[in-house]
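Descriptive structure summary
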Amino acid sequence: MPDMTPLPGQTIYVAPAADTPLEETGTVDTSAPPEGQWKEAWKQLRSNWIFWVSAVLLVFIFIVVLFPGLFTDINPRQAQLSRSLEGPSAGHWFGFDRQGYDVFSRVIYGARASVTVGILTMLFVTFVGLLTGAIAGFYGKWTDTIISRIADVFFAIPLILGAIVLLSSLNNVWSNRGYWGGVLAVVLVLAVFGWPQMTRIARGAVLEIKSLEFIDAARAIGATRRSNLWRHVIPNSLAPVIVTATVSLGVYIVAEATLSFLGIGLPPSVVSWGNDIAAAQSQVRSGSNLHVLFFPAGALAITVLSFMLLGDAVRDALDPKAKKS
Amino acid sequence: MTEPLLQITDLQVAFRAGKTDIPAVRGASLTVYPGQTVAIVGESGSGKSTTAHAIIDLLPGTGHVTGGSIVFDGRDITHLKRREREAIRGSQIGLVPQDPMSNLNPLVRVGSQIKESLEANGIAKGKAADKRVVELLEEAGLPDAASRARQFPHEYSGGMRQRALIAMGLAARPKLLIADEPTSALDVTVQKQILDHLETLTADLGVAVLLITHDLGLAAERADHLVVMYKGQVVESGPALQILKNPQHPYSKRLISSAPSLASQRLTSQLRAEVRESSVKTAGEIAAEVVAEDELLGGEVTTAVVEAKNLTKVFKLPGGAPGRSIDFTAVDDVSFRLRRGTTTAIVGESGSGKSTVARMVLDLLEPTSGSVEFDGIDITSLRDKKQQLAFRRRVQPVFQNPYASLDPMYSIYRSIEEPLRTHKIGSDKEREAKIRDLLDKVSLPSAVMRRFPSELSGGQRQRVAIARALALDPEVVILDEAVSALDVLVQAQILTLLNDLQAELGLSYLFITHDLAVVRQIADDVLVMQNGKVVEQATVTEVFDRPREEYTRKLLDAIPGGSIELAS
Amino acid sequence: MWWYVGKRLLQAIPVVLGATLLIYAMVFLQPGDPILALFGEKPVSESVKAQLEAQYNLDQPFIVQWLLFLGGALTGDFGLSYSGQPVADLIGRAFPVTLKLALMALVIEAVLGIIAGFYAGLRRGKLFDSTMLVVSLLVIAVPIFVLGFMLQLVFGVQLQWAPATVGGDASITRLILPATVLGLVSFAYVLRLTRTSVVENLTADHVRTARAKGLSESEVNRRHVLRNSLIPVVTFLGADLGTLMAGAIVTEGIFNIPGIGNLAYQAVLRGEGPTVVSVVTVMVLVYVVMSLLVDLLYAALDPRIRYA
């Protein structure tokens with residue numbers, strides 16, 4: 001029961017209205033430009049130094065991929081056997097390998113194969129995975145069961161093991177496939193075993209979005225299921241898919257190098273980091289000639305690192321959990 | 001003369017964002033005496049929880065005290081070392097947190113979590129502690145405490161978890177208990193039980209309580225002394241009843257006039273009658289026109305625009321063995337009529353099946369048996385695409401969660417345009433004019449058009465959702481907990497808006513809510529539901545003044561502050 | 001729970017069937033005659049060829065070949081390799097080696113990853129955390145064969161702390177270096193996962209409640225933060241065993257370990273169809289069993305999850 005005579009410190013206090021002005025409960029700040037989700041994410045991204053580091057590196061890497069001629073005049077396939085395994089020197093910063101190829105030129109020209117494989121595989125996997133995952137998650141029931149089981153079948157076969165088997169079979173059917181044929185074969189093989197992961201991610205995202213109230217609101221308007229899927233569900237499920245795609249790009253580049261290292265990825269005629277690292281192993285025995293291994297491996301690591309960092313930055317910008325804090 | 005137990009003077013708390021401090025509490029002062037109950041009342045963002053957390057130094061993230069002092073039991077505890085702080089927590093000041101669902105560790109048995117508190121404060125160990133845990137749970141009103149102590153939190157209901165948290169907060173017999181919205185997440189009847197229990201328990205133990213709540217009625221009912229906070233400042237404080245009866249600060253006045261539990265007692269039923277009269281008249285005219293024009297749906301002008309007949313929904317839940325399933329009857333033989341131009345409220349606690357009814361009326365969910373008739377036509381018989389679209393145009397929903405009911409990637413313009421586009425209504429120009437008109441109807445500036453939902457407040461989003469629902473000029477609007485997630489003042493504004501729109505446009509509302517207090521301000525007929533069944537069905541005045549059923553009476557009693565007589 | 005295990009095993013059947021069919025098709029459904037390829041330039045008499053074809057069921061239609069393979073595999077009979085050895089014997093010799101290697105890698109990555117991740121999470125944004133993040137990124141970015149090769153060079157060849165190659169004697173001491181290499185990439189993932197999980201749990205409501213009870217910082221961290229953070233980590237580790245065994249192909253190559261990866265790799269290079277198919281089938285089974293175990297483990301760790 002309330003005391004009739006207030007105790008010290010509990011007497012009636014009313015703040016002066018001038019110090020505590022009431023604000024309208026429904027004001028809209030019309031001065032700032034409107035910001036959608038993507039714009040907001042971009043703002044977040046822009047203020048992250050990790051994003052800028054990876055962006056600068058990636059822009060540089062893309063220039064190397066598109067215009068290798070800007071960086072070196074030396075033909076990566078021109079052997080100077082007399083200079084075999086020579087160390088770094090002026091004009092030949094990265095030295096020579098056993099065949100007498102200029103390592104700098106090999107590193108520059110090798111970028112194209114690695115990066116192309118990474119990007120094409122990522123596009124392929126994202127396209128197939130997003131489509132199958134969205135359909136499975138959205139329509140549910142039998143559609144979901146069938147798609148999920150098929151994805152399980154491919155997921156159950158380990159990536160590298162499956163890729164080796166499929167590539168060696170491809171070699172029998174399609175042995176002489178040249179530069180782009182070689183690249184395409186690796187892309188296809190990695191995509192065949194890589195898509196189920198994206199299917200799972202997309203399916204999970206769609207299941208989450210599907211249960212939100214604005215989807216019901218759209219149904220109540222009379223929107224068809226298909227338009228709901230394309231207009232509301234898929235666009236809102238993109239964030240985790242984009243993050244996974246960016247990070248997996250790096251993973252696919254490493255996978256290509258691993259396949260080439262195992263001697264089954266890109267044909268030996270293709271100048272690529274993976275092939276050069278594989279070749280370097282036998283040239284570096286006992287610790288000498290490290291430059292032959294170091295430079296292609298370093299180039300590969302920096303490229304993969306750039307994509308992983310970009311993925312991290314994109315995740316921070318898109319993740320609603322991270323945004324709240 | 002007793003000394004104060006807790007004295008907060010000019011407290012300043014800020015959260016660090018980048019290099020700047022954003023103030024959250026600005027110069028708050030309050031005093032708590034031993035054995036007293038003091039309540040801090042405020043809306044979200046008022047700084048009430050931040051003040052409470054500052055006392056035991058549990059501010060989240062970058063929060064820190066930037067000024068002022070906190071004196072507890074004659075000792076300044078504003079800036080303590082870690083060990084000293086840990087010594088005070090639990091044994092001197094206990095905490096009963098807000099959300100019973102997230103405040104217990106899901107991986108640890110409830111008994112062990114309470115035992116931790118006893119051991120950390122050196123009260124009991126081992127077997128003795130186990131025994132004490134059972135006593136504490138019994139004391140908190142948990143039946144069968146010995147076996148309950150060995151269970152995990154997910155095996156408890158919400159109310160039981162809150163009881164366990166109370167047992168935990170009082171385990172080490174603190175002198176002060178901070179109860180941070182201890183029952184907001186619970187159903188009203190459970191809320192009342194728990195608060196009653198807490199009140200007797202703390203009185204018996206002589207523990208002072210600092211109650212943090214957004215509910216003015218609840219605060220006035222439970223506390224001796226009231227502290228009203230607004231935007232980080234204390235705007236008014238004093239004896240609870242005195243503030244309630246004679247508020248001085250403009251904010252307190254506004255808060256008291258908006259609180260549904262208090263206001264509903266004073267709101268003249270005459271006002272509601274005026275709204276209804278105008279609405280029924282307009283609705284009748286519209287219906288006559290529509291029936292004359294619209295040959296697709298046909299039907300006839302009846303007094304009931306929607307009639308649910310013996311609606312039943314049975315969900316199949318996976319059972320104990322493969323291929324077997326358990327039938328769960330969410331809605332059991334529910335019938336009602338929504339009279340044209342009026343509001344029928346469906347009231348019930350969680351799990352009562354009220355939202356399932358709403359989804360069936362919206363034709364988003366197919367009834368297991370029974371039917372929903374719209375203007376005398378069974379909606380499940382509308383299998384023609386055109387007929388379905390025509391039905392959709394006449395019935396629109398507004399949902400509960402203002403953060404999930406708008407597509408975050410759509411601008412406000414696109415959100416409101418979507419129904420018009422889907423039904424291929426008007427040219428681009430005409431649509432824009434219509435959207436401007438709709439925004440004006442829900443009292444939003446047309447500049448909002450180009451904005452995105454994340455840039456608007458909860459109340460504004462709910463206005464947009466209402467505008468979208470009205471875009472197709474529907475006759476019936478299903479409001480599924482449409483004001484439940486909003487702060488008191490905003491809630492009052494939206495309710496006023498809904499009343500105005502009904503009077504102007506002749507809308508018929510199906511108003512789904514757990515909060516009986518708001519029903520009086522908007523409804524004409526009431527359905528009280530419990531466990532899927534209709535318990536009582538009557539007009540608002542009958543339900544409030546002469547409730548026939550025990551359960552209805554229990555719901556009415558549980559409205560916080562409902563018993564307080566306000567002189568008007 | 002047994003209902004659940006039974007249901008999951010039933011669900012696994014189409015997956016195993018599909019995966020073996022897929023791999024069988026990749027190996028055997030292609031033009032070219034494996035028998036001719038086997039003999040290379042040497043001429044083969046028609047009768048020898050017919051006999052070999054009958055022995056390896058190559059005279060049967062593709063689906064029948066696959067069904068015969070499956071039938072044999074069910075009884076543990078994977079047939080003969082082209083060089084005449086029972087494939088089951090080859091796998092029986094190689095499998096334990098790889099399992100030992102993968103388990104060692106799993107222990108190494110779990111212990112190091114959880115400890116480093118836990119402390120990085122508690123000291124978020126501090127020097128240790130940043131260092132660990134950089135290390136984990138580097139480990140993921142540098143291909144495992146480069147890392148493996150460098151470690152082999154430093155510890156095996158230069159310092160001679162460990163044998164550079166393993167060869168026939170796959171004892172635990174000789175496997176430590178390769179197991180470390182194999183576990184490195186997963187170590188980075190375990191570290192990052194633990195850290196994220198710890199950071200998330202630190203802000204959980206029930207952790208704040210534990211503090212409010214008067215528990216000391218270390219008690220809160222040990223009893224509430226670490227324990228709850230380990231659930232996703234443990235499930236990752238369970239699923240990782242299969243990945244490690246399949247990924248051992250590179251490590252086994254570098255350190256010359258006679259494991260299952262090496263067996264598969266050599267078989268692929270030599271066109272040993274029956275061996276390839278059998279090894280992949282075993283790996284698929286490992287995957288299926290491990291994902292079931294992970295699910296059960298999950299239920300054991302998290303009392304909220306009950307499989308009916």
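Going by the annotation in an unreviewed UniProt entry, the name recorded for chain C is ABC transporter permease, with Aeromicrobium camelliae given as the source organism. We quote the UniProt Sequence similarities (unreviewed entry) comment for chain C here in full: "Belongs to the binding-protein-dependent transport system permease family." Chain C has a UniProt comment under Subcellular location (unreviewed entry) that states "Cell membrane".

Labelled according to an unreviewed UniProt entry, chain B appears under the name ABC transporter ATP-binding protein, originating from Aeromicrobium camelliae. According to its UniProt record, chain B has this under Sequence similarities (unreviewed entry): "Belongs to the ABC transporter superfamily."

1. Describing the overall build of chain C
Looking only at helices and strands, chain C features 12 helices and zero strands. Based on the C-alpha atoms only, the size of chain C along its principal axes is roughly 85 × 55 × 30 Å. Of all 308 residues assigned to chain C, the portion counted as buried reaches 52%. If you average the places of the 21 positive and of the 19 negative side-chain charges in chain C, the two averages end up 16 Å apart.

2. Side note on the pattern of salt bridges
Residues and elements named next belong to chain B. Throughout the structure, instances matching the rule amount to 48 salt bridges over all chains. Across the pair Asp 332 and Lys 533 runs a salt bridge whose closest N-O atoms are separated by 3.4 Å. Here Lys 533 lies in strand β20 (residues 533–539) and Asp 332 lies in strand β12 (residues 325–339), a separation of 201 residues in the sequence. Where Arg 394 meets Glu 475, a salt bridge forms, and the shortest distance between an N and an O atom there is 2.7 Å. Of this pair, Arg 394 sits in helix α14 (residues 385–394) while Glu 475 sits in the loop between α17 (458–470) and β17 (476–480), and the two are 81 residues apart along the sequence.

3. Some words on the sheet that holds strand β1 (residues 6–17) of chain B
Residues and elements named next belong to chain B. A sheet is described by the order of its strands in space; here four strands give the open sequence β2-β1-β4-β5, paired in antiparallel fashion. Edge positions in the sheet fall to β2 (20–32) and β5 (75–76), since each has one partner strand and no second. Direction of pairing for β1 relative to β2: antiparallel, over a ladder of 10 bridges. Considered in β2, the bridge of Gln 12 is made with Arg 26. On top of the sheet, helix α1 (residues 48–55) reaches β1, β2 and β4 (63–72); it is set at about 105° to β1, its chief contact.

4. Comments concerning the pairing of strand β11 (residues 304–318) of chain B
Residues and elements named next belong to chain B. Summarising the sheet, β11 and β12 pair through 11 bridges and their orientation is antiparallel. Looking at β12, one finds that Pro 318 is bridged to Ser 325. As paired strands, β11 and strand β14 (residues 369–374) are joined by five bridges and run antiparallel to one another. By the bridge assignment, Ala 308 is partnered in β14 with Val 372.

5. Re the UniProt feature "domain: ABC transmembrane type-1" (unreviewed entry) in chain C
As annotated in UniProt, the feature "domain: ABC transmembrane type-1" (unreviewed entry) corresponds to residues 95–298 of chain C in the numbering used here. Along residues 95–298 of chain C one finds 85% helix and 0% strand; the C-alpha atoms at either end are 27 Å apart.

6. Some details on the interface of chain A and chain B
Contact residues are listed per partner, giving 47 residues for chain A and 62 residues for chain B. Here chain A meets chain B over a buried area of about 4600 Å², counting both sides, of which 57% is carbon and sulfur. The interface formed by chain A and chain B holds one salt bridge in total. For Arg 359 of chain B, the salt bridge goes to Asp 216 of chain A, with nearest N and O atoms at 2.5 Å.

7. Re the UniProt feature "transmembrane region" (unreviewed entry) in chain C
Residues and elements named next belong to chain C. If you check UniProt for "transmembrane region" (unreviewed entry), the listed places come out as residues 12–29, 101–122, 134–155, 175–191, 230–255 and 275–301 in our numbering. Counted over residues 230–255, helix gives 100% and strand 0%. Its end C-alpha atoms are 32 Å apart. The span residues 275–301 is 100% helical and 0% strand by assignment, and the distance between its end C-alpha atoms comes to 38 Å.

8. Quick word on the domain arrangement of chain B
By domain assignment, chain B separates into domain 1 (103–172) and domain 2 (269–297 + 307–558). Averaged C-alpha coordinates put domain 1 of chain B and domain 2 of chain B at centres separated by 42 Å.

9. Points about the sheet that holds strand β3 (residues 37–41) of chain B
Spatial strand order, β1(A)-β10(B)-β9(B)-β3(B)-β8(B)-β7(B)-β6(B): seven strands in an open sheet with mixed pairing. Pairing within the sheet leaves two strands with one partner each, and these edge strands are β1 (13–14) of chain A together with β6 (93–96) of chain B. Relative to strand β7 (residues 176–180) of chain B, β6 of chain B runs parallel, the two being bridged by four bridges. Bridge pairing links Val 96 of chain B to Ala 179 of chain B in β7 of chain B. The sheet strands contacting α1 of chain B are β3, β6, β7, β8 (208–213) and β9 (225–230) of chain B, and the helix crosses β8 of chain B at an angle near 145°.

Rules used in this analysis
- Position labels on residues start from 1 in each chain and follow its written sequence.
- As they are written, the chains are lettered A onward and the ligands numbered 1 onward, keeping that order.
- Per-residue local features are limited, in this predicted model, to residues with pLDDT of at least 70; the limit for side-chain atom pairs, both in listing and counting, is 80 or more; totals at the level of whole chains, interfaces and linings are taken over all residues.
- Hydrogens and water molecules were not included; the side-chain quantities draw on all heavy atoms of the structure.
- UniProt positions are given in the numbering used here, feature names are shortened, and annotations may be inferred rather than shown by experiment.
- Starting at the N terminus, helices and strands are each numbered in turn, a helix being any DSSP run of H or I of at least four residues and a strand any DSSP run of E of at least two.
- Summary of the burial criterion: residues with accessible area below 20% of their type's maximum are buried, those above 50% are exposed, and those between are partly exposed, where the area comes from a 1.4 Å probe applied to protein chains only.
- For the purpose of counting charges, residues Lys and Arg are taken to be positive, whereas Asp and Glu are taken to be negative. His and the chain ends are not included.
- In this description, the location of a charge corresponds to atom NZ of lysine, CZ of arginine, CG of aspartate or CD of glutamate.
- Note on definitions: salt bridges are taken to be side-chain nitrogens of Lys or Arg within 4 Å of carboxyl oxygens of Asp or Glu.
- One bridge is not enough; two strands pair if DSSP finds at least two bridges between them.
- By definition in these notes, contact holds between two residues if any of their heavy atoms fall within 4.5 Å.
- Axis angles are defined between N-to-C directions and span 0 to 180 degrees, where every axis is a line fitted to C-alpha atoms and, for a helix, only to the segment in contact.
- Computed with a 1.4 Å rolling probe, the buried area is the accessible surface lost when two parts are put together, summed over both parts.
- In this entry, domain limits derive from an automatic or database-based domain assignment.

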